Amino acid sequence: MKKLFALLFLFTSSFIVLSQKTTLTGSSVNVTIIAIDYNSSKSAFKNFIAENGVVINAQDESKTSINATFDLTTEVYNKLRLQLNNWGYISNDDINTTGYPLELEEIDLEIEFLTQKKSSFEQILQQHEMKSAQYESLWREKQGLEDRIFNLKKRKSALEKNALPYRVSLTIMEEMTSPQESKVTFVNMPGAEYSYLKIENPNDTVSSAYYQGYFLKYLFTKGKSYASVGVYQSTQKPAGDSTIFSELFVMNFGQDFYSRHFGRGGNKFGNLYSGYTLGYIAASNEVRSQDIFYLSPSVGLELFKNKYILWDTKVNYLIPFNYQRNLRGFGFNTSINFVF
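Residues numbered from 1 in each chain as written. Predicted model: local features only at pLDDT ≥ 70, side-chain atom pairs only at ≥ 80, totals over all residues. Heavy atoms only, no water.

1. Some details on the overall build of the chain
So the rule is basically this: Under the DSSP-based scheme used, a helix requires at least four consecutive residues in state H or I and a strand at least two consecutive residues in state E, with every element numbered from the N terminus. Contact definition: two residues touch when any of their heavy atoms are within 4.5 Å. Method for areas: the Shrake-Rupley scheme with a 1.4 Å probe, in which residue coverage is limited to the protein chains shown.
What the chain contains, in helices and strands, is 6 helices and 13 strands. If you take every contact in the chain between residues at least 6 apart in sequence, the share linking residues at least 24 apart comes to 66%. Accessible surface, the chain: about 19900 Å² in total, of which carbon and sulfur atoms supply 57%.

Here it is as structure tokens:
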């Protein structure tokens, strides 16, 4: 009986090991494409499937996205890789490869192990009467071993033929160019900004030709949205009777948007973006003050970015709602924000 229980234990263990083995394909590929013209990209994908006789294993389609899973030969897979960039921006491209030599070696070892156990069962069966309960139980166990050996051999044959080495999961989704319901990712990144402002049409009764300012800048979403506060000071000392605004106290709110053509903000260096700032200016000198609201569109470049720090620079055009002629001008800015 001890020998019988030992064999049953070995059989159970091998069954657990076998149940954990997966994948008959060589590489698992997961690709996500964001398309501006979703309908055109979807049609191109379906034409590719039809022209190459690809069998879809699973598909999920909606008005704004399509996901399909299918197996490909090496030849058809190479054709697919050439088409992906034409369908849109590739936002995700993961490839996981299974090593066939190691897989086949493991299968051979398992077949050998199960064959030896099957031989041991056959020897024990010869020691029992054919109609006894123990004989029937042992015979069913032996049949189970034979089934496992058959499935392993079939699996080995599929791997050796390697007819469809790529299993692809492809998602095409529509580019959202307007605000959608989505989860906002908040961050906590305080920092500082330096700005140099060149007034386009300075006037000795309103504005200086140049201002420079220092700001506290707080970045609070990954998007990215921010608020800042600071002061511009005139770089030119006004004459005694001058009425120019020598000091500009500024509070603002701004948002930046990444370009779909330059990595969408995912690069460590050189993320191009555009944005805007809405703000308030308290312009003043020794004798008067003025409240001014303004809009400032901008174009910028993130020089360096990682999980902990962001260093960027931008050019903006200040458009005040008052004194439009004599206070509008170009701003040149650089800022550093860090995770706090």
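There's more to say after this.
2. Re the environment of Val231
Here Val231 shows up in strand β8 (residues 225-234). As for Val231 and Met251, which are separated by 20 residues in sequence, their C-alpha atoms are 8.8 Å apart. When neighbours within four sequence positions are excluded, Val231 is seen to be in contact with Gln212, Gly213, Tyr214, Phe215, Glu247, Leu248 and Phe249.

3. Some thoughts on the environment of Gln233
Assignment of secondary structure puts Gln233 in strand β8. Between the C-alpha atom of Gln233 and that of Gly213, which follows or precedes it by 20 residues, the distance is 6.1 Å.

4. What to know about the sheet that holds strand β9 (residues 247-258)
To keep things clear, this is the line we draw: We treat two strands as partners when DSSP finds at least two bridges between them. The axes are straight lines fitted to the C-alpha atoms, using for helices just the contacting stretch, and the angles between their N-to-C directions are given from 0 to 180°.
What the 8 strands build is a closed barrel, ordered β6-β7-β8-β9-β10-β11-β12-β13; its pairing is antiparallel. With strand direction ignored, the average angle separating the axes of adjacent strands in the sheet is 25 degrees. Examined bridge by bridge, β9 and strand β10 (residues 271-284) share 12 bridges and lie antiparallel to one another. Along β10, the bridge assignment pairs Asn252 with Gly279.

5. Examining the sheet that holds strand β2 (residues 56-61)
The strands making up a sheet associate through backbone hydrogen bonding, with each pair oriented either parallel or antiparallel. One open sheet holds the 5 strands; their spatial order is β2-β3-β5-β1-β4, and the pairing between them is mixed. Strands at the two margins of the open sheet, each flanked by one partner only, are β2 and β4 (89-97). Strand after strand, the sheet turns through a mean of 10 degrees between neighbouring axes, direction not considered. Alignment of β2 against strand β3 (residues 65-72), held across 5 bridges, turns out to be antiparallel. Note that in β3 the partner of Glu61 across the bridge is Ile66.

Shape is all these values report; function is a separate question.
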